[in-house]
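So the chains spell out like this:
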Protein chains: 2
Amino acid sequence: MKAAVGAVILQLRDKIGFPYTMVPIDAYMYGGAGIGGWGVLCGAPNGAAAAMNYVLPSRAVVDELCYELLGWYAETSLPSNLHDSYAKYPGQTQSVAGSPLCHASVSIWCRESGFGESSAERKDRCAKLTGDCAAKAVELLNAYFDGKFAKTYKVSATTASCQGCHVGKDSMLDNSLTHMDCTPCHGDPHK
Amino acid sequence: MKAAVGAVILQLRDKIGFPYTMVPIDAYMYGGAGIGGWGVLCGAPNGAAAAMNYVLPSRAVVDELCYELLGWYAETSLPSNLHDSYAKYPGQTQSVAGSPLCHASVSIWCRESGFGESSAERKDRCAKLTGDCAAKAVELLNAYFDGKFAKTYKVSATTASCQGCHVGKDSMLDNSLTHMDCTPCHGDPHK
């Protein structure tokens, strides 16, 4: 988490200076490993979202760009190969987390790469992915300030169908809140 | 998220002053609704963890107290009734989220209370729960600085059995990372 915040904010310190010189980057240590080893929200999008919050004008805009950031995280094959020229482990296996959960992201990468969660390779993979999230945040911020930001992430057709009844004040049941893919945890709960 | 950060940090501003006067509380708007409506990590523990990070001496200690905070969140019937003397909706239904996920926390409360996610009652419930998380963070911090903090949260026996093979460098497979309860999403994957 701290690395994602730092990657964005240190650039802003260099290019703009104050008030980004005041951002307490060490205050974002807590988000690593999905907080306290719980594997909930991946620290990389948690930190990238925190960094975007410093730059954007309102909660509504923060929510829009964060929606997109988490959607991108869920559906993108990571880590990118943009780190290969300097990374300790270039050419690593890429995998799609399917959600913004650290637990899913790490477990799927371990399965597809064959490396253990405690391995140096896994740590390098998460470091690269953190850089990728920071870069995505900057891309989203640049698009926003160029007047070119548009939501592009769409949930799967199945999840959209679930949301139609369960999510939102105009839905029939209005009894849930998420954009995570429903099927991995719930299967087909109506069969 | 912002409310949990503020509840802790504004107390520290009043009682100690600098450096807590420098904490950018508005920088924590982004964590509401599990970030961008995604329902991933509940913003209340995200903010309470962020607040604890400002006070504690190292990442290792932050991780220990955050582990406990998220465990408490997962297993505690919330919101507490400590808000009843001033709340708009006193005596609300309490429910156990079973995980630190906003999605689970909100959906289970909606099911048990009968109120919609978009209802004013649900918003009041989440506001109270945010106060409860801030109070828990203060309780953990006080215990730590009194030398009385001890980890008490234990995962379920089933999850401990799963972790025995899947989580940690000394486990057979070392291919996952979480303290979330395995059964709600995975059932019995070995049957």
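To keep things clear, this report deals only with the structure shown in the data block.

**Regarding helix α4 (residues 102–113) of chain B**
- Compared with an ideal rise of 1.5 Å per residue, which puts 12 residues at 16 Å, α4 of chain B spans 16 Å between its outermost C-alpha atoms and is within 8% of the ideal.
- With respect to burial, α4 of chain B is a largely interior element, 10 of its 12 residues being buried.
- Buried residues of α4 of chain B: C102, H103, A104, S105, V106, S107, I108, W109, C110 and S113 of chain B, and no others.
- Where α4 of chain B is buried, its residues meet α7 (183–186) of chain A together with α3 (59–75) and α5 (120–145) of chain B.
- Positive phi appears at G114 of chain B, one or two residues downstream of α4 of chain B, with a value of about 85°.

**Description of the relation of the copies chain B and chain A**
- Superposing chain B onto chain A takes a rotation of 180° combined with a translation of 0.0 Å along the rotation axis, leaving an RMSD of 0.0 Å. Here the copies are linked by what is in effect a two-fold axis. For chain B, the residue whose C-alpha comes nearest the rotation axis is C185 of chain B, separated from it by 2.1 Å.
- Taken together, the interface assignments show that 100% of the residues at the interface of chain B recur at the interface of chain A, consistent with an identical surface on both copies.

**Description of the state of the cysteines**
- Under the defined criterion, the tally for this structure stands at 1 disulfide over all chains.
- Each sulfur in the disulfide pair C185 of chain A and C185 of chain B lies 2.4 Å from the other. The sign of the 80° torsion about the S-S bond sets the C185 of chain A-C185 of chain B disulfide as right-handed. Of this pair, C185 of chain A sits in helix α7 while C185 of chain B sits in helix α7 (residues 183–186), placing the two residues on different chains.
- The structure places no disulfide on C165 of chain B, whose sulfur is separated from the nearest cysteine sulfur, that of C162 of chain B, by 8.6 Å.

**Describing the interface of chain B and chain A**
- Across the boundary between the two partners, chain B contributes 56 residues, which contact 56 residues of chain A.
- The contact between chain B and chain A buries some 4700 Å² in all, and 65% of this surface belongs to carbon and sulfur atoms.
- Considering only the side of chain B, the residues that lose the most area to chain A are Y30, W38 and L177 of chain B, jointly responsible for 20% of the buried surface there.
- Mapped onto the side of chain B that touches chain A, the elements with two or more residues apiece are α2 (43–55), α3, α4 and α7 of chain B.
- Per-element tally for the side of chain B that touches chain A: the top contributor is α3 of chain B, with 8 residues.
- Classifying every residue of the side of chain B that touches chain A gives 30 nonpolar, 20 polar and 6 charged.

The rules behind the values
- Residues numbered from 1 in each chain as written.
- Chains lettered and ligands numbered in written order.
- Predicted model: local features only at pLDDT ≥ 70, side-chain atom pairs only at ≥ 80, totals over all residues.
- Heavy atoms only, no water.
- Helix = DSSP H or I, 4+ residues; strand = E, 2+ residues; numbered from the N terminus.
- Expected span 1.5 Å × (residues − 1).
- Buried < 20%, exposed > 50% of the residue type's maximum accessible area, 1.4 Å probe, protein only.
- Contact = heavy atoms within 4.5 Å.
- Least-squares fit on C-alpha atoms with pLDDT ≥ 70 in both.
- Disulfide = S-S within 2.5 Å.
- Buried area = accessible area lost by both parts, 1.4 Å probe.
- Nonpolar A, V, L, I, M, F, W, Y, C, P; charged D, E, K, R; others polar.

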